[in-house]
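So the chains spell out like this:
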Amino acid sequence: MDSAETLRFIKGLIKKHGKDFSLNLKYMTANNKIKKRHGRFVSIVDDHELILLNQDKGSENRFEVSRILEIERRD
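Residues numbered from 1 in each chain as written. Predicted model: local features only at pLDDT ≥ 70, side-chain atom pairs only at ≥ 80, totals over all residues. Heavy atoms only, no water.

A. Representation of the sheet that holds strand β5 (residues 68–74) within the structure. Sheet architecture is open: five strands sit in the order β4-β3-β2-β1-β5, paired in antiparallel fashion. Strand pairing shows two members of the sheet lacking a second neighbour, β4 (59–64) and β5, which therefore form its edges. With strand direction ignored, the average angle separating the axes of adjacent strands in the sheet is 45 degrees. Taken together, the five bridges between strand β2 (residues 34–45) and strand β3 (residues 49–54) define a ladder with antiparallel strand orientation. The residue bridging S43 from the neighbouring strand is I51, located in β3. Contacts from helix α1 (residues 3–17) reach β1 (22–28), β2, β3 and β5, with the element oriented near 15 degrees to β5. (Pairing = 2+ DSSP bridges. Helix = DSSP H or I, 4+ residues; strand = E, 2+ residues; numbered from the N terminus. Axes fitted to C-alpha atoms, helices over the stretch in contact; angles between N-to-C directions. Contact = heavy atoms within 4.5 Å.)

Written out as structure tokens, the structure reads:
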């Protein structure tokens, strides 16, 4: 999944659900390892960075949109 597809998917969710939804994603780290991440949607910064709130840890995490491999809405 490339950056344009990822942004289109997220913007479609924003249009349908507002900012009240959660996401699951597979993310490639700086060391080229693939990690699964999840969290509540907070915002997109300049179409390059996705911010998610991890409610389990109470922290915000930032992900480069270009490094997201898979993304889906979390139920």
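B. The arrangement of the pattern of salt bridges in detail. The tally for this structure, following the rule as stated, stands at four salt bridges. Here R40 makes a salt bridge to D20, at a shortest N to O gap of 2.2 Å. Remark: D20 occurs in the loop between α1 and β1 and R40 occurs in strand β2; sequence separation between them is 20 residues. Between E70 and K26 there is a salt bridge; the shortest N-O distance is 3.9 Å. Here the residue E70 occupies a position in strand β5, and K26 occupies one in strand β1, the gap between them amounting to 44 residues. Overall, the relative accessible area of 45% leaves E70 in the partly exposed class. (Salt bridge = Lys/Arg side-chain N within 4 Å of Asp/Glu carboxyl O. Buried < 20%, exposed > 50% of the residue type's maximum accessible area, 1.4 Å probe, protein only.)

C. A look at the pairing of β1. Bridge count for β1 against β2 is seven bridges, and the pairing is antiparallel. The partner of L23 across the bridge, within β2, is G39. The antiparallel pairing of β1 with β2 creates a hairpin that spans five residues between the two strands, and N32 there sits at a positive phi of about 60 degrees. In this sheet, β5 lies alongside β1 in antiparallel orientation, the contact comprising six bridges. Paired with Y27 across the two strands is I68, which belongs to β5.

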